[in-house]
Amino acid sequence: MELKQLLADLIAIDSTSSLSNEPIVKYIEAYFKDSNVTCHRLPAHEEGKFNLLLINGEPSEDGLTLCGHMDTVPAPGSWTSDPWVLTQRDGKWFARGSCDMKGFIAIAVQAIERAEVQNGCLAVLLVCDEELGSFGAKHVLENGLPIPIPKQVIIGEPTSLQVVRLHKGHLSMRVSIEGVSAHTGSPHLGKNALVEGGKIICALAALSKKYETLQTECSEHFSEVAKFPVLTTSTMKSGSAINVVPESCDIGVGLRLLPDQNKEEVVAQIKEVISEACQLPWKLEELGNNPTMLTPENSTVNKWLCKHIGQTQSVGVSYGTDGGYLSQGGYECVLYGAGDIAVAHKPDEYVPIGEMETCVATIDSAVKHFCGASE
């Protein structure tokens, strides 16, 4: 099957994170029927969600693993063409997931299909619910895999064909403030949680501004707008009516740490700032933590891939990936894929066809190098 047709088939399967991903899993399983590729369907974090592990060769920690996520974000907004139909124009393929990241899944599926493995094995690990917080990768970390797979991992996030060895994490938190309800005609009988919430927001905004001057050893590998940790106050929920003193207030906060920062130390600083600003009882809850990724510069996969494409500098990105959890499991991960993350999650998402062709050639060369496979 041509790459374009395979990608078109994958695009046509709606694998938005809110849905079961069994249809796309079934399609890939059927694709490898009667082939030398072994498919392992793996239960994930909830019913109707699966990870899928493809193996060519004898299971081993030697060789190469290609990794991608099967889910996509929804496709709202005004599209020039149907987001679930792969459309070609101006040297680009347009569709939801073309860039992030069914384009790479199609490349990985074809790579393992044609690989002639002579050393270790070639594995393709396809995970679920990356867009919701890398839940599929987290499940792999917590529960392991039924067979060993290579520790050298290329994750096909859209990096515009750059090798990325480090990225920030994203810690989601909620500040809950406890006040006392009262009639606004007698406000002295109540304790306004919303007002205290406003004080916290101002204090966190000041801390966020302070972080813009903070840099670590990793900062040099990020762009100018991302050299520092980012603290964002994103949501606020409080009050039931205008004539009622709010008895509670919930504030949603996001924190994107640099890879070499200590999460506990930064969270302790945030708690200190909240404590100084708020005069009512409060608590800070962690809602989700997509970890940072920091793969050593001298890791085998990073050194080979950078040399192969002629990249001399380390590159960091500000978004989280499955590499955060996988690296905690001992896998050495780098990101490399066609497309620009700036067009992902937007209407008219696209991937340049030329970049797809280059990515195919690079992945084939990586398979040949790590697995002794012929192109």
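### Thoughts on the sheet that holds strand β17 (residues 332-335)
Then, number 1: Read across the open sheet, the six strands follow the order β1-β2-β6-β3-β7-β17; overall the sheet is mixed. Across the chains shown, the open sheet's two edge strands, defined by having one partner strand only, are β1 (38-43) and β17. Taking each pair of neighbouring strands and ignoring which way they run, the sheet shows an average axis angle of 20 degrees.
Then, number 2: Packing of helix α3 (residues 102-114) onto the sheet brings it into contact with β2 (50-57), β3 (63-69), β6 (121-127) and β7 (152-155), and relative to β6 it is tilted by some 150 degrees.

### Re the nonpolar core
Then, number 1: Residues I28, L54, L64, L66, I154 and I363 are the most contacted members of the largest nonpolar core, which totals 58 residues.
Then, number 2: Elements represented by at least two residues in this core include exactly α1 (3-12), α2 (22-31), β2, β3, α3, β6, α7 (300-309) and α9 (353-371).
Then, number 3: The dominant element in this core, judged by the number of residues it contributes, is α9, at nine residues.
Then, number 4: Once residues within four sequence positions are removed from consideration, L54 is found in contact with I28, F32, V37, T38, C39, I112, L122, A123, V124 and L126.
Then, number 5: With 25 residues, the next largest nonpolar core counts V175, L207, I274 and A277 among its residues.

### Quick notes on the packing of aromatic side chains
Then, number 1: Taken as a whole and assessed by the stated rule, the structure comprises three aromatic pairs.
Then, number 2: When the ring of Y31 is compared with that of F32, the centres are 5.1 Å apart and the planes differ by 75 degrees; the resulting orientation is edge-to-face. Each member of the pair, Y31 together with F32, is buried.
Then, number 3: Its end group placed over the ring of Y350, K92 keeps NZ or CZ at 4.3 Å from the ring centre.
Then, number 4: Sitting over the face of the ring of F222, K168 holds its NZ or CZ atom 5.9 Å from the ring centroid.

### Concerning unusual backbone geometry
Then, number 1: Here D100 and M101 are connected by a cis peptide whose omega angle stands at -10 degrees.
Then, number 2: Assignment of secondary structure puts M101 in the loop between β5 (92-94) and α3.
Then, number 3: Positive phi values are uncommon outside glycine, yet L161 reaches one of about 65 degrees.
Then, number 4: With respect to the helices, strands and loops of the structure, L161 is situated in the loop between β7 and β8 (166-167).
Then, number 5: Given a relative accessible area of 18%, L161 falls into the buried group.
Then, number 6: Phi at D348 is positive, roughly 60 degrees, even though this residue is not glycine.

### Side note on the environment of L145
Then, number 1: With respect to the secondary-structure elements, L145 resides in the loop between α4 (135-143) and β7.
Then, number 2: Considering only alpha carbons, one finds L145 and A44, 101 residues apart in sequence, at a separation of 11 Å.
Then, number 3: Look past the residues within four positions of L145 in its chain and what remains in contact with it is L42, L125, V140 and Y331.

### Regarding the packing of α3 against α9
What describes two packed helices is the angle between their axes and the distance between those same axes.
Then, number 1: Here α3 crosses α9 at 40 degrees, and the two axes come no closer than 10 Å. Considering the relative orientation of α3 and α9, their crossing is right-handed. Contact residues: G103, F104, I107, A111 and R114 in α3; M356, C359, V360, I363 and D364 in α9.
Then, number 2: Looking at side-chain class alone, the contact of α3 with α9 contains seven nonpolar, one polar and two charged residues.

### Thoughts on the pattern of salt bridges
Then, number 1: The full count for this structure, using the stated rule, is 11 salt bridges.
Then, number 2: For E22, the salt bridge identified is with R41, shortest N-O distance 2.8 Å. Residue E22 is located in helix α2, and its partner R41 is located in strand β1; the two are separated by 19 residues in the primary sequence.
Then, number 3: For E196, the salt bridge identified is with K199, shortest N-O distance 3.0 Å. You can see E196 and its partner K199 sitting in helix α5 (residues 193-211), three residues apart, about one turn around the helix.
Then, number 4: Assessed through its relative accessible area of 8%, E196 is described here as buried.
Then, number 5: Several salt bridges share partner residues, and in doing so they unite E22, E29 and R41 into one network.

Thresholds applied
Residues numbered from 1 in each chain as written. Predicted model: local features only at pLDDT ≥ 70, side-chain atom pairs only at ≥ 80, totals over all residues. Heavy atoms only, no water. Pairing = 2+ DSSP bridges. Helix = DSSP H or I, 4+ residues; strand = E, 2+ residues; numbered from the N terminus. Axes fitted to C-alpha atoms, helices over the stretch in contact; angles between N-to-C directions. Contact = heavy atoms within 4.5 Å. Core = buried A, V, L, I, M, F, W, Y, C linked by side-chain atoms within 4.5 Å. Buried < 20%, exposed > 50% of the residue type's maximum accessible area, 1.4 Å probe, protein only. Phe/Tyr/Trp six-rings, centres within 6.5 Å; stacked < 30°, edge-to-face > 60°. Lys NZ or Arg CZ within 6 Å of the ring centre and 35° of its normal. Left-handed = near helix turned anticlockwise from the far one by under 90°. Nonpolar A, V, L, I, M, F, W, Y, C, P; charged D, E, K, R; others polar. Salt bridge = Lys/Arg side-chain N within 4 Å of Asp/Glu carboxyl O.

Remember, this is a structural readout, not a statement about activity or role.
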